[in-house]
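What follows is the residue order along each chain.
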Amino acid sequence: MTGHRPVSSSSLLHPSRAQQVGRVTLILLSLLFLLGFLILPVAVVFTQALSQGWKLYRDSICQAYVLFALRLTGLVASIAVPLNLVFGLAASWAITRFEFHGKSLLITFIDIPLSVSPVVAGMMYVEVFGLHGWLGPWLSEHNLHVIFAVPGIVLATVFVTFPFVARELIPFMQAQGSDEEVAAVVLGANGWNVFWRVTLPNIKWALLYGTILAASRSIGEFGAVSVVSGHIRGKTTTLPLQVEMLYNEYNFTAAFAAASLLTLAAVVTLGIKKALEVTTGLRRGNEKEEAKS
Amino acid sequence: MIYLTAIVLIPLAAILLHASRQGFMGFLHTVTAPRVLASYRVTLGSAGVAALLSAVFGMLLAWVLARYDFPGKRVVDALVDLPFALPTAVAGISLTALYTEQGWIGRYLEPHGIHVAFTPVGIVLAMSFVGFPFVVRSVQPVLEDLDPAMEEAAASLGANVWQRFTRVIAPVAFPALLTGTALAFARAAGEYGSVIFIAGNMPMKTEITTLLIVTKLEEYDYSGAAAIAGAMLALSFSIMLLVNLLQWWGQRREGNRT
């Protein structure tokens, strides 16, 4: 950058020419990096999907298997997300409002799915519910299918999206403190009332934020689901798996068409997320000030 | 707590038990087979390089986002999370499409003898893609919290840009940078979806460990898969421990300063 040149005291307030050049270079460098690394991959999905024209694009999306995969992905997300929402709420409530033994252990456990490889995660469920697993023989006796069936996919998705809600809520609720809830209790509100009237309105944005992250991940999860699903077309293929199968069959246009749906979902997620950050001031270190005011 | 036990701990215990049931020698034999060792080299080597790249570019982006104002900053800020939101399978096929011979970027690289798709370079690329947001998101809040007054003070004492960076900013941001890099490394080492398409998956050369687990599962070699998964779990937990230590270190440093 500017080298070993003494800088006057006002240099940060009135940047010198060299500093401005440095600043513009850094900004351009990052924009270039983003363009090459993030925007191009998204652009390529859409151009590939539309490379054979709109009609083929529509046809590839309206294939029975793709539509089925879309429905299955929706179904899985709509089971996994509410489950984790409830758990995330319960866990963050317990962690921020009560003292108990093993609390820090619980916090560590919540992070496990983030550091374990999705493939290993999927494999764990094969170990428990698979034919050679602990519950496998009993399950198959009762004609219940978990692995290579929808329940396994739901379980794997629940596992990978497990930390998102809790991780958003815990710091937020910690910063907020429990003063308002205590006040409500003093005024004679019962637990249920405190939760619906005080806690929930306070945390609703953080809760929504975590839920969106969880939903986005559960729609797009690939590694964990791919291990437990068995890739049975029209039965256990979620949308990301369908993308993989089409791609491996060299049916690139169809693969990218299905991928474009997922990409759209991702872009919409980012939009909502950013809108939430801007309007509510989440994630900008404002939690504390917000809680105080 | 019960939910947690059912969803996380029991399956975790199952895999570790299965891995240990084959006895220590059997376990050792499986996890040190030549093909498995080669996959560690590929995975850890690529993840290491990817983590370093993520650290450099993540630091750059975090700096630009925390310090400068420019048109479209919000869009850039939102875009950083794209690798989190984009399904890994989609990232995998689109990166591959970009870097093969006919791809937008590969077209210009291939004539110069630079092969990205189906080589370790492609693996590094895919791993950096999923890894770098971790660095940005770890470092950015720290840089935003850092009071520009401290830099101004350093500048008024005659420190040049380089001195200000190494003496004022780097010590504060360093724990966060390390945490982010460790997270990026963990994610890169466990990555599956975005890597398998671009890797080419040649045994001994471009086969990553997670793919090997899947291959073993497809061959119904459950014990082998469990053993390798156990080894990977050990890696994940050591990284988690490291991250916790780093965060503790960062907090202690912060405590010392105030």
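Everything quoted here is computed from the prediction, not taken from an experiment. (Residues numbered from 1 in each chain as written. Chains lettered and ligands numbered in written order. Predicted model: local features only at pLDDT ≥ 70, side-chain atom pairs only at ≥ 80, totals over all residues.)

Notes on the domain arrangement of chain A
Moving on, step 1. Each assigned domain of chain A is listed here: domain 1 (1-49) and domain 2 (53-292).
Moving on, step 2. Listed as interface residues are five residues of domain 1 of chain A and, on the opposing side, eight residues of domain 2 of chain A. (Domains from an automatic or database assignment. Contact = placed C-beta atoms within 7 Å.)

Section: helix α1 (residues 17-49) of chain A
Owing to its 3.6 residues per turn, the α-helix brings residues three or four apart onto one side.
Moving on, step 1. Spanning 33 residues, α1(A) covers 46 Å between terminal C-alpha atoms, matching the ideal 48 Å at 1.5 Å per step.
Moving on, step 2. Maximum bend of α1(A): about 40°, positioned at A:I39, with proline A:P41 one to four residues after it.
Moving on, step 3. The complete set of buried residues in α1(A) reads A:I27, A:S30, A:L38, A:P41, A:V42, A:V44, A:V45, A:Q48 and A:A49.
Moving on, step 4. Taken together, the buried residues of α1(A) touch α2 (53-61) and α12 (252-280) of chain A together with α3 (34-67), α4 (73-79), α5 (82-85) and α6 (88-99) of chain B. (Helix = DSSP H or I, 4+ residues; strand = E, 2+ residues; numbered from the N terminus. Expected span 1.5 Å × (residues − 1). Bend = angle between axes of the 7 residues up to and from the residue. Buried ≥ 20, exposed ≤ 12 C-beta atoms within 10 Å, placed from the backbone.)

Some words on unusual backbone geometry
Residues and elements named next belong to chain A.
Moving on, step 1. Of note in this structure, Y250 is not a glycine but carries a positive phi near 60°.
Moving on, step 2. Mapped onto the elements of the fold, Y250 is located in the loop between α11 (239-248) and α12.
Moving on, step 3. Look at Y250 and you get exposed, because 8 C-beta atoms sit within 10 Å.

Digging into the packing of helix α5 (residues 118-129) of chain A against helix α7 (residues 150-176) of chain A
All names here are of chain A.
Moving on, step 1. At their nearest, the axes of α5 and α7 sit 10 Å apart, and the two run at 135° to each other. Classified by the angle their axes make, α5 and α7 are oblique. Relative to α7, the crossing made by α5 is right-handed. Along the contact surface, α5 presents P118, A121, G122, Y125 and F129, while α7 presents G152, L155, A156, F159 and V160. (Axes fitted to C-alpha atoms, helices over the stretch in contact; angles between N-to-C directions. Parallel < 35°, antiparallel > 145°, perpendicular 65-115°, else oblique. Left-handed = near helix turned anticlockwise from the far one by under 90°.)

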